[in-house]
Amino acid sequence: MDTDRQDQLISVYRDGLLKDTLPFWTQHCVDRQHGGFMMSLDQDGTVVDTDKGVWQQGRFTWLLGELYNNVEPRDEWLELAQHGARFLIDHCFDPHDGRMWFLVTRDGRPVRKRRYAFSESFAAIAFGELARATGEQHYADRAKQAFERFIDHNVNPQNVVPKFTEQRPMKGLGFPMITIATAQELRDSIDYPEADAWIDRSIDDIRQHHLKADIRCVMETVAPNGSIIDHFDGRTLNPGHAIEGAWFIMWEGKRRDDQQLIETGCRMLDWMWERGWDKQHGGMLYFADVHGAPVQEYWHDMKFWWPQNEAIIATLLAHHLTGASKYENWHRQIHDWAYEHFPDPDHGEWFGYLHRDGRRSSTLKGSTWKGPFHLPRMQLQCWKILEEMQSNQPSVS
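Please read all numbers here as calculations on a predicted model, not as lab measurements.

S.K.: A description of the side chain of Glu252 should follow, citing residues and the corresponding values.
M.R.: Among the secondary structure elements, Glu252 is positioned in helix α9 (residues 239–256). The class for Glu252 is buried, based on a relative accessible area of 0%. When near neighbours in sequence (up to four residues on either side) are disregarded, Glu252 contacts Gln184, Arg187, Asp196, Ile199, Ile203 and Leu261.

S.K.: Please give an account of the environment of Ile180 that cites residues and values.
M.R.: Inspection of the secondary structure assignment puts Ile180 in helix α6 (residues 174–190). Measuring from C-alpha to C-alpha, the distance between Ile180 and Lys52 comes to 26 Å, with 128 residues separating the pair along the chain. Contacts of Ile180, omitting those with residues within four sequence positions, involve Ile199, Ser202, Ile203, Ile206, Phe248 and Ile249.

S.K.: Go over the packing of aromatic side chains with me, naming the residues and quoting the values.
M.R.: One pass over the full model with this rule turns up 32 aromatic pairs. Their ring planes at 65 degrees and their centres at 6.2 Å tell us that Tyr13 and Tyr339 sit as a pair that is edge-to-face. Of the two residues, Tyr13 sits in helix α1 (residues 3–28) while Tyr339 sits in helix α12 (residues 325–341), which places them 326 residues apart along the sequence. Residue Tyr339 is classed as partly exposed on the basis of its relative accessible area, which comes to 22%. Both rings, one in Phe118 and one in Phe150, keep their centres 5.9 Å apart while their planes meet at 45 degrees; by these two values the pair is tilted. Of the two residues, Phe118 is situated in helix α4 (residues 118–134) and Phe150 in helix α5 (residues 137–155); the sequence distance between them amounts to 32 residues. Exposure remark for Phe150: the relative accessible area of 0% places this residue in the buried category. Aromatic ring contacts, followed pair by pair, group Trp55, Trp62, Phe102, Tyr116, Phe118, Phe122, Phe147, Phe150, Phe175, Tyr192, Trp369 and Phe373 into a single cluster. The lysine or arginine in question, Arg114, covers the ring of Phe102, its NZ or CZ lying 5.0 Å from the ring centre. Over the aromatic face of Trp383 sits the side chain of Lys384, whose NZ or CZ is 4.1 Å from the ring centroid.

S.K.: Could you give me a rundown of the layout of surface pockets, with the residues and numbers involved?
M.R.: Computed from the structure, the second largest pocket encloses a volume of approximately 190 Å³. In terms of lining residues, the second largest pocket is bounded by Asp97, Arg99, Lys113, Arg149, Asp152, His153, Asn156, Gln158, Asn159 and Val160. Here the lining of the second largest pocket is composed, by residue class, of one nonpolar, four polar and five charged.

S.K.: Talk me through the sheet that holds strand β3 (residues 52–53); I want residue IDs and the actual numbers.
M.R.: A sheet is described by the order of its strands in space; here three strands give the open sequence β3-β4-β5, paired in antiparallel fashion. A strand with exactly one partner marks an edge of an open sheet, and here the two such strands are β3 and β5 (110–112). The sheet contact formed by β3 and strand β4 (residues 103–104) spans two bridges and is antiparallel. What sits directly across from Gly53, in β4, is Leu103.

S.K.: Could you give an account of unusual backbone geometry, with specific residues and numbers?
M.R.: Phi at Asn159 is positive, roughly 55 degrees, even though this residue is not glycine. If you trace the backbone, Asn159 turns up in the loop between α5 and β6 (171–172). Accessibility expressed as a relative area gives 80% for Asn159, which makes it exposed. Unlike most non-glycine residues, Arg216 shows phi in positive territory, near 55 degrees. When you line up the elements, Arg216 lands in the loop between β7 (211–212) and β8 (217–218). On the accessibility criterion, Arg216 (38% relative accessible area) is partly exposed.

Each value, and the rule that gives it
Residues numbered from 1 in each chain as written. Predicted model: local features only at pLDDT ≥ 70, side-chain atom pairs only at ≥ 80, totals over all residues. Heavy atoms only, no water. Helix = DSSP H or I, 4+ residues; strand = E, 2+ residues; numbered from the N terminus. Buried < 20%, exposed > 50% of the residue type's maximum accessible area, 1.4 Å probe, protein only. Contact = heavy atoms within 4.5 Å. Phe/Tyr/Trp six-rings, centres within 6.5 Å; stacked < 30°, edge-to-face > 60°. Lys NZ or Arg CZ within 6 Å of the ring centre and 35° of its normal. 1 Å grid on protein atoms, 1.4 Å probe; cavity = no way out; pocket = protein on both sides within 12 Å on 5 of 7 lines; lining within 4 Å. Points joined across faces, edges and corners; volume = space filled by probe spheres on them. Nonpolar A, V, L, I, M, F, W, Y, C, P; charged D, E, K, R; others polar. Pairing = 2+ DSSP bridges.

Take it as geometry only, folks, not as evidence of what the structure does.
And the structure:
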């Protein structure tokens, strides 16, 4: 990638994060009356629902702490991160079993808890960044406790009615890949001693059970022994999710100077780009069938914001680590398509939901599912990757 393109992209990512994405959220979502953040925002930042998704409370708190620790120690960012943490501590844990809620009211009364424990993973990384920012041990303790609660619930679920019967047991890609990302964050923020072991275990799980070299595919859901389940749930692929996992593994390979991990991540990217890139309209599809059959979910061919974000990171990181021109070309394709269709030039941030051909499906900027996470993380990661490329540091290839 030539230096002019690098300079252009740094401006897009850095300025987009600091002057567009972050101000949109800090201006519109902060709840000074009840604490935490109201994330369900319309195009212009109008609050359209006051309930608070716990994922987004943890994710935004993490982002603010990450920016404070790794970009600039701005008092505003630390204050808002502590504001988010107080709401998590005061309202988002069930006192009866210690698990976290999934959705609460504006003033923090519980609405819903889900069978899985991903709220805990996002709270863990939030508390980890605050531990690093403040030096306060109670945040580090909370980060460790939340991560171990996340692990324990997924490995040994208790007091939860299973979603499926024993007739067709299955397991998903989500747990091992989120374990990798969470452990990576806690290794950096609180020096979590068991991070490498959980990362190794999770990468091994993905390699053994979800990667299918014979059909060049990363399976989203498999049987416990890794075999393909020949029904709708088992055949459905989520290319953006697999590509997100791919760059987590590439990142680990970069840190460890481990070429095999980098190659594993690149292989995952290669396979799922082939299956997810929309050759007719451009952009990353949401779902595909492993055998090319019709997909049951009706939003299968929509373009959601986050798979584009993850593909932008993965292709740029793969190019940085390998120097391969195909990854530079893929990055240009996904970057240019996404930036042509998702950003809102009038009010800032990105729309979340498009039709397959790029037409807007909804004016929502935020919801229980969409908040300041995938987009600002992409902007931050790509900004830093490009700066590293410009520093002429040797890549890990």
